[in-house]
Every structure is written in structure tokens, then in C-alpha cells.
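Each chain, letter by letter, is given below.
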Amino acid sequence: MAFTHDTDVALQSAAALVNTQAGPESADPTRDDLRSLDDLRAFWNEWEYSGPPPTAPADVAPVQALRPRLRELWHADEARVVEIVNDLLAESQALPQLVKHDQWDYHLHATRSDAPVSQRMAVEAAMALVDVVRAGELSRLRICAGEDCDNVVVDLSRNRSRRFCDHGCGNKANVAAYRARQGQADRD
Ligand SMILES: [Zn+2]
Ligand SMILES: [Zn+2]
């Protein structure tokens, strides 16, 4: 665990949110897995966000619009990351409060549970980035090393060894390396 549990989860869910949309340099830049309220609800449930779930089609567009802003965090230098994080917190008038709910012991919430869905998602991501910046750990935010993939990756591993996203790029790289070795062996 690189950070506190809630920060780890928030970073992973922020990365997953960014990765619902292909980046501009991926093989298929039109891919978008978050197009509808159903998609958003599935994402929300998968990542176990707390508070009232999205219920209106109008919840979708502001979450979609959040993605490029979060994606920029993976490409920006520290000064720009700080600017984005502070903007996200200011726009939502974030007010940190210690809370415990469900199975979770005390952790920080910085929005009210009745705030708009996109605002709660934005602030959760921003608060996690606060921890990353304070710990000097921005190098844990990486771009997938897979060919034709520009998904974002959060490396929470102890030895900072994670290079690939969750979308099968690690396997593809292994297969390609294996084939290359086989080809070499056949020629020998
Ligand atoms: Zn919580
Ligand atoms: Zn990838």
C-alpha cells in the first residue's frame, strides 16, 4: 500500500474513470465506455463510490467532461497538477470532514453526500492527488507502456514496477516478447 487505503482506492478509480475514454494517441481514439446513465451507474457500482448514486441522464455529461481534466494530471508537471487540484477543490467548495461509514474507519470526505455526482467524483480524485503531491509521489502516475495504448496507470506497487494498464497490455507485451523469442529460436 503506497498511501492510505481510501487514497489508493480513489486513485485507482480516478485512473479507471480516465480510461473509460481512449486517449488521443491510442489505436482507437473514439472508444468511449461511458456514454449513458447505465454506463455511469455500472462504473459507480464497480468502484463502490459512497453516497447517493447517479439517477439522472444529466449526471452523465459532467462526469464525461471531468475525464480530460483528470487525464491531464497524468501528463502535467507538479506545478500544473497543483493548479488543477486546487481548481477542482475550489470549484466544489470542498470542505474536508472526517467521517466513517459502512465498513470504513475514519477517512476524509470533502463534499456533502448530496452534492452532484460529478462533483463528488472530482473532489475524491482531487483529495487523493493532494496526498500524492504532499508525499512527492507523482512519479507513481504513469502512462501504460503498451503499444498503441495511452491509458493512465497508478503504480501502487512496493517496488514501483507497474508499467501496464488493466486492459490486457501486459499480456500482449508478454505474448509479443514470447513470439519474438520463438521467431529467434526458429531462425537459430
Ligand atoms: Zn467514504
Ligand atoms: Zn494499456
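Data block above holds the structure.
Residues numbered from 1 in each chain as written. Chains lettered and ligands numbered in written order. Predicted model: local features only at pLDDT ≥ 70, side-chain atom pairs only at ≥ 80, totals over all residues. Heavy atoms only, no water.

1. Describing the coordination of the zinc ion (ligand 2)
Those donors, Cys144 (SG), Cys149 (SG), Cys165 (SG) and Cys169 (SG), are the protein atoms that reach the zinc ion (ligand 2), and they lie 2.3 Å from it. Viewed at the metal, the 4 donor atoms of the zinc ion (ligand 2) are separated by angles of 104 to 115 degrees, and the geometry they form is tetrahedral. When the donors of the zinc ion (ligand 2) are listed by position in the chain, the intervening gaps give C-x4-C-x15-C-x3-C. What makes cysteine 144 buried here is its relative accessible area of 6%. (Donors = N, O, S within 2.8 Å, 3.2 Å for Na, K, Ca; no water. Tetrahedral: all angles 85-135°; square planar, octahedral: opposite > 155°, others 65-115°. Buried < 20%, exposed > 50% of the residue type's maximum accessible area, 1.4 Å probe, protein only.)

2. Quick notes on helix H4 (residues 78-91)
The end-to-end C-alpha distance of H4, which contains 14 residues, comes to 20 Å, matching closely the 20 Å that a straight helix rising 1.5 Å per residue would cover. Taken residue by residue, H4 has Val81, Ile84, Val85, Leu88 and Leu89 as its buried positions. Taken end-on, H4 shows its buried residues confined to a sector of 130 degrees, consistent with a single buried face. Of the residues in H4, the exposed ones pointing more than 90 degrees away from the buried face are Ala79 and Ala90. (Helix = DSSP H or I, 4+ residues; strand = E, 2+ residues; numbered from the N terminus. Expected span 1.5 Å × (residues − 1). Arc of directions from axis to C-beta.)

3. Thoughts on helix H5 (residues 117-134)
An ideal rise of 1.5 Å per residue puts 26 Å on 18 residues; H5 measures up with 26 Å between its terminal C-alpha atoms. Within H5, the full set of buried residues consists of Val117, Ser118, Arg120, Met121, Ala122, Val123, Ala125, Ala126, Met127, Ala128, Leu129 and Val132. In this fold, the buried residues of H5 make contact with helix H1 (5-18), helix H2 (37-46), helix H3 (60-75), H4, strand E2 (104-109) and strand E3 (141-143). Directly after H5, the chain includes glycine 136, whose backbone phi takes a positive value near 65 degrees. (Contact = heavy atoms within 4.5 Å.)

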